[in-house]
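# Descriptive analysis of the structure
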Amino acid sequence: MGFCRKSNAKEEGKKETVFLRKKITLVRAIALTIGTVIGSGIFIAPKGVLQNSGSVGLSLVVWLACGVLSLFGALSYADLGTSITKSGGHYIYLLETLGPLPAFLRLWAEFVMIRPANIAVVSLAFGRYLIEPLFTPCHAPALAVKLVTTTGISLIIALNCWSISWSANIQTILAVLKMVTIGLIIVPGMMALAEGHYENFQNAFDTSSLALDKLPLAFYSGMFAYGGWFYVNFVTEEIINPERNIPLSVIVSLLIVTLGYLLTNVSYYAVLTAEEVLASEAVAVSFVDRAFKSISSAIPILVALSCFGSLNGGIFAAARMLFAASREGQWPPLFSMIHRRRNTPFPALLLMLPLIFLMVSIGDLYGLLNFYSFSRWLFIGLVTLGLMIHRYRHPEIPRPFKVPLFIPLVFTIICFFIVGMSLYSDPVNTGIGCAITLTGLPVYYLVVQKSRIPASCSAMFNSMTVKLQVLMEVIPQEIQTY
């Protein structure tokens, strides 16, 4: 992925411009998807899925269902991505299908809550796994974890500001490394099954511990582990042959991830009992301690690198949403500018840092995850609802990749069901998430309805933008989609 610079000799003074350039191949698109999906989730979510599903067998069914549901969502997004050929993901699809207000509320929730909280949680997992072995058998100090965490985040932001190609290449390498990490869990598990260790699968579908009101929470944990399948749609304009590569990348990626997740969970249960999984704070580490002690010290490092790759992919793509919103006039124009020498979205990347650091300083954000999930799944459901409405209103628009309507319909219904059940299961956190999202309403009327802004305030804002533009060495971009 990248940006290119050119000079327009026809204009007086030879005005310099930069434009988006297509550099994401099919392999890079697959690496981006796999690299952002496989993060900390598969190493911590099995406990939550098992706890809320009530049995080993049903937990495996939930993992499969989450994979199928994610594939339905990804196929729906691929339909949108090949007909609405703009970068920006959720935001741009809501803007084109349901209008500017839902799009801005999604953007607002992403900037103030979803993205900072998600990055902070994954980065804290990165920091803990990276330095925990240095303090064994004690726990690493919270301050040390936060220092390593902020260093890791700063490194990723600096990498993306310096070179998009470097970031994409590192993402490809880390995606391969993640599959190696998953393989180190799958192989010993399959070996245990080959030796006849099926005892942990006896009475696998015992429903005595099942509580139906807890089942949606099992899906929350599972879908958290699959989160990231939509990031390829954030960079649509930079994908080579998007009509072919977007659908292929999400199909291949999610088939690989779903199979890997199922085999990983089967391996967990081949070695660990259900009680041991529930008692473990880090299932992967407990598994390796039991099955493969000779590499137990390497697993925390591999998990940390897995989290690093997920962070890189998330930051890599999330900046494009802010970039796209700025270009559409719903976010400050500074976010749509490109560094004149590095050809990267420097302001959009750099200005994400303050809120991320604030979230990291808070520490444990798992409570925050519960109420940011409300906004995430509400708006993802609205995107696929928008797809069906867009199909009905604009049948004349060419759709190189067209999914049957039952796919977005099923996905939308399940998203809204999950959101509705979360209101019942956890009304406090869900209510807070809803309230934070709605704080975007007054901001919308100030940012989008620019006629409401006094002329003096507008002039001051423009002056500040120019000064920051000079300081950051950034200039507006020109779209090129060749």
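Placed above this text is the structure.
Keep in mind that what you see is a predicted model, and the values were worked out from it rather than measured.

Conventions adopted
Residues numbered from 1 in each chain as written. Predicted model: local features only at pLDDT ≥ 70, side-chain atom pairs only at ≥ 80, totals over all residues. Heavy atoms only, no water. Patch = residues over 30% accessible without salt bridge, like charges linked within 9 Å, V, L, I, M, F, W, Y side chains within 5 Å. Areas by Shrake-Rupley, 256 points an atom, 1.4 Å probe, with all protein chains shown as cover. Salt bridge = Lys/Arg side-chain N within 4 Å of Asp/Glu carboxyl O. Helix = DSSP H or I, 4+ residues; strand = E, 2+ residues; numbered from the N terminus. Expected span 1.5 Å × (residues − 1). Buried < 20%, exposed > 50% of the residue type's maximum accessible area, 1.4 Å probe, protein only. Arc of directions from axis to C-beta. Phe/Tyr/Trp six-rings, centres within 6.5 Å; stacked < 30°, edge-to-face > 60°. Polar contact = N/O pair within 3.5 Å; in protein donor to acceptor, adjacent residues only side chain to side chain. Contact = heavy atoms within 4.5 Å. Axes fitted to C-alpha atoms, helices over the stretch in contact; angles between N-to-C directions. Parallel < 35°, antiparallel > 145°, perpendicular 65-115°, else oblique. Left-handed = near helix turned anticlockwise from the far one by under 90°. Nonpolar A, V, L, I, M, F, W, Y, C, P; charged D, E, K, R; others polar.

A few words now on a nonpolar patch on the surface. The grouping of Leu248, Val252 and Ile256 at the surface amounts to a nonpolar patch, some 180 Å² of accessible area in total. Here leucine 248 is to be found in helix H9 (residues 242-271).

Another aspect to go through is helix H17 (residues 427-438). Given a rise of 1.5 Å per residue, twelve residues ought to cover 16 Å, and the 16 Å separating the end C-alpha atoms of H17 matches this to within 8%. Buried within H17 are the following residues: Asn429, Thr430, Gly433 and Thr437. Summarising the axial view, the buried residues of H17 lie within an arc of 100°, below the 170-degree limit, and thus occupy one face.

Attention now moves to the packing of aromatic side chains. For the structure on display, the rule yields 18 aromatic pairs. Where tyrosine 77 meets tyrosine 93, the ring centres are 5.8 Å apart and the plane angle is 80°; that geometry is what we call edge-to-face. Taken together, the positions of tyrosine 77 in helix H3 (residues 56-83) and tyrosine 93 in helix H4 (residues 90-97) put the pair 16 residues apart, joining distant regions of the chain. The same class applies to tyrosine 77 as to tyrosine 93, namely buried. Aromatic ring contacts, followed pair by pair, group Tyr77, Tyr93, Trp229, Phe230, Tyr231, Phe234 and Phe411 into a single cluster.

Moving on, we come to the side chain of threonine 149. With respect to the helices and strands, the residue threonine 149 is situated in helix H6 (residues 142-162). Judged by relative accessible area, threonine 149 falls into the buried class, the value being 0%. A polar side-chain atom of threonine 149 sits 2.7 Å from the main-chain carbonyl oxygen of valine 145. Those residues in contact with threonine 149, other than ones at most four positions away along the chain, are Ser123, Leu124, Gly127 and Val360.

A word on the packing of helix H8 (residues 215-226) against helix H16 (residues 406-425). Where H8 contacts H16, the two axes come as close as 9 Å, and the packing angle between them is 120°. As judged from the angle between their axes, H8 and H16 are oblique. Two packed elements cross with a definite hand, and for H8 against H16 that hand is left-handed. Listed contacts from H16 to Pro216, Leu217, Phe219 and Tyr220 of H8 are Phe417, Ile418, Val419, Met421, Ser422 and Ser425.

Across the interface, H3 lies against H8 with an axial gap of 9 Å and an inter-helix angle of 55°. With respect to their mutual orientation, H3 and H8 come out oblique. Once H3 is placed against H8, the crossing between them reads as right-handed. The segment H3 lies against H8, with Leu58, Val62, Trp63, Ala65, Cys66, Gly67, Leu69 and Ser70 engaging Leu215, Ala218, Phe219, Gly222, Met223, Ala225 and Tyr226. For the contact of H3 with H8, the class distribution of residues is twelve nonpolar, three polar and no charged.

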